[in-house]
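Structural characterization, general
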Amino acid sequence: MSIKKISKNQPEKFEFNNESLKLANKIISNYPMGKQQSAVMAFLYIAQRQNDNWIPLSAMKYIAKYLEMPYIKVYEVATFYTMYNLAPVGKYFFQVCTTTPCMLRGAYKLVDVCKKKISQNENVVSNDGDISWMEVECLGACVNAPMMQINDDYYEDLDEKKLDKIIENIKNGQNIEPGSYKGRKSSEPENNRITLMDSKNA
Ligand code: FES
């Protein structure tokens, strides 16, 4: 389990741009009067999207003011959930699932590839600024383990070679395809099996 890293380099000021403001106002209108603070998680996410995928402390202060709630409460939420990044991440942000099903199917071999090809330690952006990685808990795609999330998409049924290729493609400026790397659709069984009892094609 990784420890939340808060960036030492903090911008002094943060405010929502027009696009974020529009979204924030739309979200806040979903809540009854007096309950706007419930939008804090969505607001943190909007701030993260606007600020290259990480949330500075000034954004937490801005949100606290906006939602008329104590800064410490916003800080508590932001530091609790792993989906909020509190320090800069790579343009391609790898979240490697290492919970039990993924671990049993080779997640730590993927972690080794990340250590070798991106950075020895998690939450450290690669020298070219393109990639960073971290270990995360179950991402809910266990049937296609081992898997990882890169930015908004899932990459599933991975192994060392496939991950190596993904990283090379990123480094060479080529597209990377999300989904199963065994060609499965959603979570269908491998090798055309129809039931768990069907060992013919297993
Ligand atoms: S254990 Fe990895 S997605 Fe669930």
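Residues numbered from 1 in each chain as written. Predicted model: local features only at pLDDT ≥ 70, side-chain atom pairs only at ≥ 80, totals over all residues. Heavy atoms only, no water.

**Considering the pattern of salt bridges**
Operational definition: One side-chain nitrogen of Lys or Arg within 4 Å of one carboxyl oxygen of Asp or Glu is enough to make a salt bridge. Think of it this way: any DSSP run of H or I at least four residues long counts as a helix, any run of E at least two long counts as a strand, and we number them from the N terminus. For every residue, the accessible area (1.4 Å probe, protein chains only) is compared with the maximum for its type, and the residue is labelled buried under 20%, exposed over 50%, or partly exposed between those bounds.
Under the definition given, this model contains 6 salt bridges. Here Asp152 makes a salt bridge to Arg49, at a shortest N to O gap of 3.1 Å. Taken together, the residues Asp152 in the loop between strand 3 (148–150) and strand 4 (153–156) and Arg49 in helix 2 (residues 40–50) connect sequence positions 103 residues apart. According to the relative accessible area criterion, Arg49 is partly exposed, its value standing at 47%. Put simply, Asp164 and Lys117 hold a salt bridge, and the shortest N to O gap is 3.3 Å.

**A few points about the packing of helix 3 (residues 57–66) against helix 4 (residues 71–80)**
Applicable threshold: Here, axes are lines fitted to C-alpha atoms. For helices the fit covers the stretch in contact, and angles between N-to-C directions go from 0 to 180 degrees. Our angle categories are set so that under 35 degrees counts as roughly parallel, over 145 as roughly antiparallel, 65 to 115 as roughly perpendicular, and the remainder as oblique. Left-handed describes a crossing in which the near helix is turned anticlockwise from the far one by less than a right angle; the clockwise case is right-handed. Only heavy atoms enter the contact rule, under which two residues are in contact if any of them lie within 4.5 Å. Residues are grouped as follows: Ala, Val, Leu, Ile, Met, Phe, Trp, Tyr, Cys and Pro are nonpolar; Asp, Glu, Lys and Arg are charged; every other residue, Gly included, is polar.
Put simply, helix 3 and helix 4 touch, their axes get as near as 8 Å, and they point 125 degrees apart. With respect to helix 4, the element helix 3 is oriented oblique. When you trace helix 3 past helix 4, the crossing you get is right-handed. Counting all contacts with helix 3, which are made through Leu57, Met60, Lys61, Ile63 and Ala64, the residues of helix 4 involved are Tyr71, Val74, Tyr75 and Ala78. Residue composition of the contact of helix 3 with helix 4, grouped by class: 8 nonpolar, no polar and 1 charged.

**Here we look at a nonpolar patch on the surface**
The line we're drawing: Candidate patch residues must exceed 30% relative accessible area and have no salt bridge, after which like charges are joined if within 9 Å and Val, Leu, Ile, Met, Phe, Trp or Tyr side chains if within 5 Å. In this description, accessible areas are obtained by the Shrake-Rupley approach with a 1.4 Å probe, and a residue is regarded as covered only by the protein chains that are shown.
There is a patch of nonpolar side chains on the surface, built from Met41, Phe80, Tyr81 and Met83 and spanning about 390 Å² of accessible area. Checked against the element boundaries, Phe80 lands in helix 4.

**Some words on the sheet that holds strand 5 (residues 179–180)**
The condition that has to hold: Strands are labelled as partners when DSSP assigns at least two bridges between them.
Here we have 5 strands laid out as an open sheet, ordered 2-1-3-4-5, and mixed in their pairing. The open sheet has two free edges, formed respectively by strand 2 (131–136) and strand 5, since each of these has just one partner strand. As defined by bridge partners, strand 1 (residues 92–97) adjoins strand 2 across 6 bridges and the pair is classed as parallel. In the sheet register, Cys97 faces strand 2, and the bridge partner there is Val136. The strands touched by helix 6 (residues 107–117) within the sheet are strand 1, strand 2 and strand 3, with strand 1 carrying the most contacts at an inclination of about 150 degrees. Sitting on the sheet, helix 7 (residues 160–171) touches strand 1, strand 2, strand 3 and strand 4, and the angle it makes with strand 1 is about 170 degrees.

**Details of the domain arrangement of the chain**
For clarity, the threshold we go by: The start and end points of each domain follow an automatic or database-based domain assignment.
Partitioning the chain into structural domains gives domain 1 (18–80) and domain 2 (92–186). Taking the mean C-alpha position of each, domain 1 and domain 2 sit 29 Å from one another.

**Quick notes on the side chain of Glu135**
What counts, and what does not: Counted as positive: Lys and Arg. Counted as negative: Asp and Glu, with His and the chain ends omitted from the count. Polar contacts, as used here, are pairs of N or O atoms within 3.5 Å; protein pairs need one atom able to donate a hydrogen and one able to accept it. Residues neighboring in sequence count only if both atoms are side-chain atoms.
Position of Glu135 among the secondary structure elements: in strand 2. Within the buried set, Glu135 has no salt-bridge partner at all; the shortest N-O distance to an opposite charge, 6.2 Å, is to Lys115. Within the structure, the side chain of Glu135 is placed 3.0 Å from the side chain of Tyr108, a separation counted as a polar contact.

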